[in-house]
Amino acid sequence: MHEFFMEIVDKYNYWLYIILMMIGLYAMIVKNNLIKKLVGMNIFQTAIILFYISIGYKEDATLPIIVNAHGVHSPEELAINTAEYINPLPHVLMLTAIVVSVATLGVALALSVKVYQQYKTLEEDEIRMRIRESSL
Amino acid sequence: MRYIGLFIVILCGALLLYATQDFPAWGDPNSPASSHVSPHYIQKSIEETSVPNLVTSVLADYRSFDTMFETTVIFCAGLACLLLLRTFIQERGNWYYRHIPTEVTLHIKDARRIPKDIKDFERIDTLWVPYDLIIKTVCRICIPFIQLFAFYVVAHGDFSPGGGFQGGVIFGASLILLAIAFDLRTAIERLDEFKLGVLSALGVFLYAGIGMLCMILGGSFLDYSQLSKIFPVDPVHIRALGMLGVEIGVGISVMAVMAIIYINIASEGRQDEGL
Amino acid sequence: MNWLIDLFILTLVIVCAIAAISVRDLLSTAILFGAYSFMMCLLWAIMGAVDVAFTEASVGAGVSTVFFVAAVFRTTRRTKD
């Protein structure tokens, strides 16, 4: 029991990432305003990207750019040790994730401007009430 | 609703916290994420593609299929934003004009407008203020340098942090700066919606076109070493040049889509007044 | 020493996130979202992900915040919750 507890306390950085994800999820479910739901969605997305980037980190390693490689013509001169460079694969996947998140944000904001033009409000319960009234 | 939400969030959080006991420790070089394909990328990137920036070489060469569809997603988002918001119905009334020699502002309340060929009157926005000389001058000086920096970021993406996407966003941000500092109509005069639509499709077409060219020359889709049959460069360095070509395509598409989304949201689709 | 800077910026990130969803003025939400995005970019730069930090600085703290402010300008600025 004691070492189970110590093991959990060691991984406090994952706790903070999970707290950030849950803040975003809470904002998406509970808040009434459409813009606040979108902010919650973006917080959730960036927290997941943070989690992935933290997986690729290596202790005492440098950026994923090969040093002293500009203008080198025969690759055997460079001795590349994989423990010296941070894993580049999560960075690549997360670049695509950031691009997709900004595309989703653009379309969602266009939709919320259209909703405001139609119902003159951005609060979810008022929109539901006006839909019900207009269908009676 | 708030208590249901709190209960769901606490349940999800507790499940995720329970799952963290299997995770690797912070900064472990032998964690499962770093031991299957990524040692190959780190060791063989210079030898096979002669590009030092590992993220660009994985993004544009080893995993270039993903990047092509990411460009397609950005193009579809720009298209969706345009189709949702664009209207051609002009507002009736509420035109604001400014007489340039005497600096008198007029507010015309009915639907008639001053014709465009009378040169003394210029049309201004609803929220125009007269104190804009400093902003206009500084932005006029800064915008060419921002665009030059964007070109540098695209071209130098093989050797330093950067690449096509970052450069495209910076270029699009310079167009948004032009629209905010001056008028939305000034930015639309330079790049109207037809040109922006053509540019955003041209970026995706360039990317897929390079892939098709490699396939026509006898290799698989997006296999850049086949391009050395046309260009007089050896098959290792041609991969760096192929990467530069696709990054330019990504940059053009992203620039056009950022401008399209801003113009349509800030003017509610009418494309005559903005922020 | 590195973990100290990490912990400090992570705390700032959580404070910005909670503040961005609790204020009542939507323009303040947009600006706080820009600050949150910039703090995330710093965090990723500390962890060595320079390409991702560059992208987030230009996209999140730049273009995304401008989209939010444009949308708030075209709809309403007040909110009940």
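To start, this report covers the structure provided alongside it. (Residues numbered from 1 in each chain as written. Chains lettered and ligands numbered in written order. Predicted model: local features only at pLDDT ≥ 70, side-chain atom pairs only at ≥ 80, totals over all residues.)

1. Re the packing of helix 8 (residues 193-216) of chain B against helix 9 (residues 237-266) of chain B
How two helices pack is summed up by the angle between their axes together with the distance between the axes. All names here are of chain B. Two elements in contact, helix 8 and helix 9, have axes separated by 8 Å at closest approach and are oriented at 155°. The pairing of helix 8 with helix 9 is recorded here as roughly antiparallel in orientation. For the crossing formed where helix 8 meets helix 9, the hand is left-handed. Of helix 9, the residues touching helix 8 (which contributes Leu196, Leu199, Ser200, Leu202, Gly203, Val204, Leu206, Tyr207 and Ile210) are Gly242, Gly245, Val246, Ile248, Gly249, Val250, Ile252, Ser253, Ala256, Val257, Ala259 and Ile260. Tallied by class, residues from the contact of helix 8 with helix 9 come to 15 nonpolar, six polar and no charged. (Axes fitted to C-alpha atoms, helices over the stretch in contact; angles between N-to-C directions. Helix = DSSP H or I, 4+ residues; strand = E, 2+ residues; numbered from the N terminus. Parallel < 35°, antiparallel > 145°, perpendicular 65-115°, else oblique. Left-handed = near helix turned anticlockwise from the far one by under 90°. Contact = placed C-beta atoms within 7 Å. Nonpolar A, V, L, I, M, F, W, Y, C, P; charged D, E, K, R; others polar.)

2. Here's the deal with the interface of chain A and chain B
Opposite the 47 residues of chain A that make contact, chain B presents 47 residues. It is helix 4 (residues 89-119) of chain A that contributes the most residues to the side of chain A that touches chain B, 16 residues altogether. Tallied by class, the residues present in the side of chain A that touches chain B amount to 34 nonpolar, eight polar and five charged.

3. Describing the sheet that holds strand 3 (residues 121-124) of chain B
All names here are of chain B. A sheet is described by the order of its strands in space; here three strands give the open sequence 2-1-3, paired in antiparallel fashion. Single-partner strands in this sheet number two, and they are strand 2 (104-108) and strand 3. Strand-to-strand twist of the sheet, defined as the mean angle between neighbouring strand axes without regard to direction, takes the value 30°. (Pairing = 2+ DSSP bridges.)

4. Remarks on the packing of helix 3 (residues 34-55) of chain A against helix 2 (residues 26-46) of chain C
Orientation of helix 3 of chain A relative to helix 2 of chain C, taken along the N-to-C sense of each, is 5°, at an axis distance of 11 Å. The pairing of helix 3 of chain A with helix 2 of chain C is recorded here as roughly parallel in orientation. Contacts from A:Ile35, A:Lys36, A:Val39, A:Asn42, A:Thr46, A:Leu50 and A:Ile53 in helix 3 of chain A reach C:Leu26, C:Thr29, C:Phe33, C:Met40, C:Leu43 and C:Trp44 in helix 2 of chain C. Here the residues of the contact of helix 3 of chain A with helix 2 of chain C are counted per class, giving nine nonpolar, three polar and one charged.

5. What about the interface of chain C and chain A?
Taken residue by residue, the interface counts 33 residues in chain C and 34 residues in chain A. If you list the elements that add at least two residues to the side of chain C that touches chain A, you get helix 1 (2-22), helix 2 and helix 3 (50-74) of chain C. In terms of residue count, the dominant contributor to the side of chain C that touches chain A is helix 3 of chain C (12 residues). Residue classes in the side of chain C that touches chain A are distributed as 21 nonpolar, seven polar and five charged.

6. Some thoughts on unusual backbone geometry
Here A:Lys120, not a glycine, exhibits a phi torsion of approximately 60°, which is positive. Mapped onto the elements of the fold, A:Lys120 is located in the loop between helix 4 and helix 5 (124-135). A residue is classified by how many C-beta atoms lie within 10 Å of it, and A:Lys120, with 12 of them, is exposed. Unusually for a residue other than glycine, B:Glu268 sits at a positive phi of about 55°. Looking at the secondary structure, you find B:Glu268 in the segment after helix 9. By C-beta crowding, B:Glu268 is classed as buried, having 23 other C-beta atoms within 10 Å. (Buried ≥ 20, exposed ≤ 12 C-beta atoms within 10 Å, placed from the backbone.)

7. So, the environment of A:Tyr14
Examined against the element boundaries, A:Tyr14 turns out to sit in helix 2 (residues 12-30). Residue classification places A:Tyr14 among the partly exposed residues on the basis of 19 C-beta atoms within 10 Å. For the pair A:Tyr14 and A:Phe51, spaced 37 residues apart in sequence, the C-alpha to C-alpha distance is 7.6 Å. Look past the residues within four positions of A:Tyr14 in its chain and what remains in contact with it is B:Thr20 and B:Phe23.

8. Overview of helix 9 of chain B
All names here are of chain B. Under the 1.5 Å per step criterion, the end-to-end length of helix 9 is 44 Å for 30 residues, consistent within 8% with the ideal 44 Å. With 26 of 30 residues buried, helix 9 is to be regarded as a mostly interior element. Just past helix 9, the residue Glu268 takes up positive phi, approximately 55°. (Expected span 1.5 Å × (residues − 1).)

9. Considering the nonpolar core
Within the largest apolar cluster, 128 residues are counted, with the highest numbers of intra-cluster contacts made by B:Met258, B:Ala259, B:Tyr262, B:Ile265 and C:Phe67. Here the element with the most residues in this core is helix 9 of chain B; it accounts for 19 residues. If near-sequence neighbours (up to four positions away) are discounted, C:Phe67 is found in contact with A:Leu105, A:Gly106, A:Leu109, B:Ile261, B:Tyr262 and B:Ile265. (Core = buried A, V, L, I, M, F, W, Y, C linked by C-beta atoms within 7 Å.)

10. Observations concerning the pairing of strand 2 of chain B
Residues and elements named next belong to chain B. Where burial is concerned, little of strand 2 is hidden: zero out of the five residues are buried. Sheet topology places strand 1 (residues 95-99) next to strand 2; five bridges connect them, and they run antiparallel. Within the sheet, the bridge partner assigned to Trp95 lies in strand 2 and is Ile108. Remark: four residues form the turn of the hairpin made by strand 1 and strand 2, two consecutive strands paired antiparallel; Glu103 in that turn has positive phi of roughly 60°.

11. Notes on helix 3 (residues 54-62) of chain B
Within an α-helix, residues lying three or four positions from one another point in the same direction, as the helix has 3.6 residues per turn. In terms of burial, helix 3 of chain B is largely enclosed, as nine of its nine residues are buried. Along helix 3 of chain B, the residues classified as buried are B:Leu54, B:Val55, B:Thr56, B:Ser57, B:Val58, B:Leu59, B:Ala60, B:Asp61 and B:Tyr62. On its buried face, helix 3 of chain B is in contact with helix 4 of chain A, helix 2 (38-49), helix 4 (64-85) and helix 9 of chain B together with helix 3 of chain C.

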